[in-house]
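A look at the structure
These are the residues of each chain, in order.
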Amino acid sequence: MNLELKRAIDQISKDKGLDRGMLIDTLEEAVRTSVLRKYGDEMDVEVSYNDETGDIDVYQFKVVVAKVRDATSEISLKEAQAHDNSVQLDDEMGFRVKVEDLGRIAAQSAKQVIIQRMRDAEQEIIYEEFKDRLGEIVSGIVQRRDKGGWIINLGRTEALLPKDEQIPREHYKRGDRVQALIIDVRKEGRGPQVLISRAHRDYMAALFRREVPEVDDGTVQIMGVARDPGSRAKVAVLSRERDVDPVGACVGVRGSRIQNIVQELRGERIDIVVWNPEIAAYARNALAPALVSRIIVDEEENLLEVIVPDDQLTNAIGRKGQNVKLAAKLLGWKVDIFTETRYNEANAIGRGLEQVASVAEVSIEILLSAGYSSLDKLRAASDEELEQALNISRVRIADLRSAINFLAPVVEDGIETKEE
C-alpha cells in the first residue's frame, strides 16, 4: 500500500487549491509517458491509480494472434492460453507491468512531468481566478523593484505595478502594504502576469463603490472620472432616486466617506460634479468652483466656448490649466475659456470688420490676409496702401473710411468725434 503517494496528493491538493481528480489524471499520464519512453510508443498501455491503496497499476495489452509479428503488441494463442485457456484469437489480454521496473531515470522523468503539470495547472487556476477579478481592488505587499515597476505579492501570485500606473511622487519600500486595481491579466511563459494600477480612473470609481453604499447598490451612479493622479480629480455622479443627493452621499457625514478615499490617494483633491444630459449645464457643473456667465455650444466642432466674469478666469482655468483640462476630459469636449471683456471685444471687432468688408465689397478673408485684423489698422492705412493691398477703387476706399468712422468714431479728449 503506497500511503505516502496518497498523502502527497492530498497535501498538494489542499495547499495549492488544485482539483484532486486533475492531479490523479496528471499522475497517470506522467507514468504512462515514462513507460512508453522506456518500452516504445507502440506499446498499448493503460495506467490507473488506486485511490484506496495509493498504488499505481500499469497494464500492457496485447492482441491474441495465430502468428506473432510484433512481440510488443501481439501474443500467440498458445502463450495466451497458458495464462487463460478461455481466450480466442483477436482477444485482448492485459499484463501487469511492474512500475518499479521503470528504472531510476524513468521514475525521475515521471516526477518532472508531474511537477510541471501541477505547476501548469496551478498557473491556469491563478489565471482564471484573476481574469475574473478585473476591476477589483486588491491588497498586497511590496516585494521588490523590477525594471518595469514594483512587484507586489498578492499571496497566490505576484502582480506588477508599472511606473506609469503609480501615483506620481508616491514612494514605496519593501514590506509596504499597497492597494491597487487589477487592470489586466496576461498569459506569460512564466505564469500569469497580473497588472495593477493606482493611477487609473477606474481605481477611483472602485474606491467610491467600496466607500459609498449608494454607489455600490446603484442608487448613485458614477458617470465619469477625470484624474490628474495624486493632485486633483473630478467625478461626475447621478442619482437614480429623487430623494437621494448624489453629492451628499459621496461626501458622507462631515466628509467621512470622501476623506477615506482622499487618504488612500495620498491627498488627491476630489471635486464631485452632478452629471446632466444637457452639455451646457454639465459643463457649468464640471468647471466649478468657477462661476460661468454663458456657454456657446458648437456641436460640429465638439467645442464649448465658455464665457466667465473677468474675476473668474483664474478659477476657471485653474493652476497650470488643471481645472479646465480635467473638465474637458470629463466632458469629452474641447473647452475654450473667455472673459466677458475679451469675448465682447473680439465679437465687436469681428462684427465691425464684417460690415466694413461688406461696404468695400471685399471678403473678410482678404482683409485678414492683408493684415487688417482690426478697424484701427484699417484707419491707419493710407489710401494707396488700401488700394494696392485690397485692389479696390478710391470710391470704395472712401466708403470704407466712412463705415470705419461710423462703427468706431475717433475719441479726442474724451469726446467722440466723427471724421469729416
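Residues numbered from 1 in each chain as written. Predicted model: local features only at pLDDT ≥ 70, side-chain atom pairs only at ≥ 80, totals over all residues. Heavy atoms only, no water.

Description of the packing of helix H9 (residues 279–286) against helix H11 (residues 322–331)
When two helices pack together, their arrangement is captured by the angle between the axes and the distance separating the axes. Here H9 crosses H11 at 145°, and the two axes come no closer than 10 Å. Considering how the two elements wind past one another, H9 and H11 form a crossing that is right-handed. Along the contact surface, H9 presents Ile 279, Tyr 282, Ala 283 and Ala 286, while H11 presents Ala 327, Leu 330 and Leu 331. For the contact of H9 with H11, the class distribution of residues is seven nonpolar, no polar and no charged. (Axes fitted to C-alpha atoms, helices over the stretch in contact; angles between N-to-C directions. Helix = DSSP H or I, 4+ residues; strand = E, 2+ residues; numbered from the N terminus. Left-handed = near helix turned anticlockwise from the far one by under 90°. Contact = heavy atoms within 4.5 Å. Nonpolar A, V, L, I, M, F, W, Y, C, P; charged D, E, K, R; others polar.)

Describing the sheet that holds strand S14 (residues 303–308)
With mixed pairing, the three strands of this open sheet are ordered in space as S13-S14-S15. Here the strands that pair on one side only, and so sit at the sheet edges, are strand S13 (294–298) and strand S15 (334–339). When strand polarity is set aside, the average angle formed by the axes of neighbouring strands in this sheet is 20°. As defined by bridge partners, S14 adjoins S15 across six bridges and the pair is classed as parallel. Within the sheet, the bridge partner assigned to Val 308 lies in S15 and is Thr 339. (Pairing = 2+ DSSP bridges.)

Side note on the packing of aromatic side chains
Two aromatic rings are characterised by how far apart their centres lie and by the angle between their planes. As enumerated under the stated definition, the model contains two aromatic pairs in all. Seen from their ring centres, Trp 150 and Tyr 172 are 6.1 Å apart, and the 70° between their planes marks the pair as edge-to-face. Pair noted here: Trp 150 is in strand S6 (residues 149–153) and Tyr 172 is in the loop between strand S7 (158–162) and strand S8 (177–188), with a separation of 22 residues, a long-range link. For the pair Trp 150 and Tyr 172, a shared accessibility class is recorded, and that class is buried. (Phe/Tyr/Trp six-rings, centres within 6.5 Å; stacked < 30°, edge-to-face > 60°. Buried < 20%, exposed > 50% of the residue type's maximum accessible area, 1.4 Å probe, protein only.)

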